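Overview (structure and organization)
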Amino acid sequence: MEQNEEKQELLDRRYMRMAFIWAENSYCKRRKVGALLVKNKMIISDGYNGTPSGFENVCEDENDVTKPYVLHAEANAITKVARSNNSSDGATLYVTSSPCIECAKLIIQAGISRVVFAENYRLSDGIELLRRANVELVSVETDK
Ligand SMILES: [Zn+2]
């Protein structure tokens, strides 16, 4: 049992490192966030924060404020899997930053049962909501 837990921790760290690498795809200047959806040790979706498909690859307006239609990494990963033949039901979400409340709602409704996150987002209401929905929460430290 203990050995399995160790293995899981190792996997969690590795997937998190991949999520950090994936975040490098983001063209947002203020913050780069990466997300991976993993089910049965298979990556079924991925995402990073950015504008919707077909929009300009610029996240900030002329005042350096993030545009309201920028999708968070989690939302991109969840909506991407919705267009695939995979299901997020029972999947684990790896995200480089703890989810906000809007993404927490999507995570719950997508049936994601486990969320592994690295950096703590300034607001904790997303984490609180996930906790209320009995989503397993794991915080991992990485040196990226
Ligand atoms: Zn969010």
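Here, every reference points to the structure presented above.
Okay, so let's go over this structure. In this text, all values refer to a predicted model and were calculated from it rather than measured experimentally. (Residues numbered from 1 in each chain as written. Predicted model: local features only at pLDDT ≥ 70, side-chain atom pairs only at ≥ 80, totals over all residues.)

**Focus on the overall build of the chain**
Summing up its helical and strand segments, the chain has four helices and five strands in all. Counting from the amino terminus, the chain carries its helices and strands in the arrangement α-β-β-α-β-α-β-α-β. When the backbone C-alpha atoms are referred to their principal axes, the chain occupies close to 55 × 35 × 25 Å. Out of the 144 residues belonging to the chain, those deemed buried represent 37%. Of the contacts made within the chain by residues no fewer than 6 positions apart, 50% connect residues no fewer than 24 positions apart. (Helix = DSSP H or I, 4+ residues; strand = E, 2+ residues; numbered from the N terminus. Buried ≥ 20, exposed ≤ 12 C-beta atoms within 10 Å, placed from the backbone. Contact = placed C-beta atoms within 7 Å.)

**So, the environment of D125**
Summarising the element assignment, D125 is placed in helix α4 (residues 125-132). In this structure the C-alpha to C-alpha distance between D125 and K41, which are 84 residues apart in sequence, comes to 29 Å.

**Describing helix α3 (residues 101-109)**
Taken together, the buried positions of α3 are occupied by C103, A104 and I107. Seen from one end, α3 has its buried residues packed into an arc of 105 degrees, which puts them on one side. Residues of α3 that are buried in the fold lie against α2 (73-82), β3 (92-97), β4 (114-119) and α4. With its phi angle positive at about 75 degrees, G111 sits one or two positions after the end of α3. (Arc of directions from axis to C-beta.)

**Concerning the packing of α3 against α4**
Interhelical geometry of α3 versus α4 gives an angle of 20 degrees and a closest axis separation of 7 Å. The angle between the axes of α3 and α4 places the two elements in the roughly parallel class. For the crossing formed where α3 meets α4, the hand is right-handed. Contacts between α3 and α4 involve I101, C103, A104, I107 and I108 from the former and D125, G126, L129 and L130 from the latter. For the contact of α3 with α4, the per-class residue count stands at seven nonpolar, one polar and one charged. (Axes fitted to C-alpha atoms, helices over the stretch in contact; angles between N-to-C directions. Parallel < 35°, antiparallel > 145°, perpendicular 65-115°, else oblique. Left-handed = near helix turned anticlockwise from the far one by under 90°. Nonpolar A, V, L, I, M, F, W, Y, C, P; charged D, E, K, R; others polar.)

**Some details on the nonpolar core**
Core analysis: the biggest nonpolar cluster contains 34 residues, and A35, L93, Y94 and V95 have the highest contact counts within it. Within the residue set of this core, elements represented by two or more residues are α1 (2-23), β1 (34-39), α2, β3, α3, β4 and α4. For this core, the element with the most residues is α2, which contributes five residues. The residues contacting A35, other than those within four sequence positions of it, are A19, D46, G47, A73, E74, A77, L93, Y94 and V95. (Core = buried A, V, L, I, M, F, W, Y, C linked by C-beta atoms within 7 Å.)

**Topic: unusual backbone geometry**
Phi is mostly negative for residues that are not glycine, and the peptide bonds are mostly trans. If you check the backbone angles, N40 has positive phi at about 50 degrees while not being a glycine. If you trace the backbone, N40 turns up in the loop between β1 and β2 (42-48). By C-beta crowding, N40 is classed as exposed, having 8 other C-beta atoms within 10 Å. Here K41, not a glycine, exhibits a phi torsion of approximately 60 degrees, which is positive.

**Thoughts on the pairing of β3**
With six of its six residues buried, β3 lies for the most part within the structure. With four bridges joining them, β1 and β3 adopt antiparallel strand pairing. Residue pairing in the sheet places A35 in a bridge with V95 of β3. Of the pairings in the sheet, the one linking β3 to β4 comprises five bridges and is parallel in character. Along β4, the bridge assignment pairs Y94 with V116. (Pairing = 2+ DSSP bridges.)

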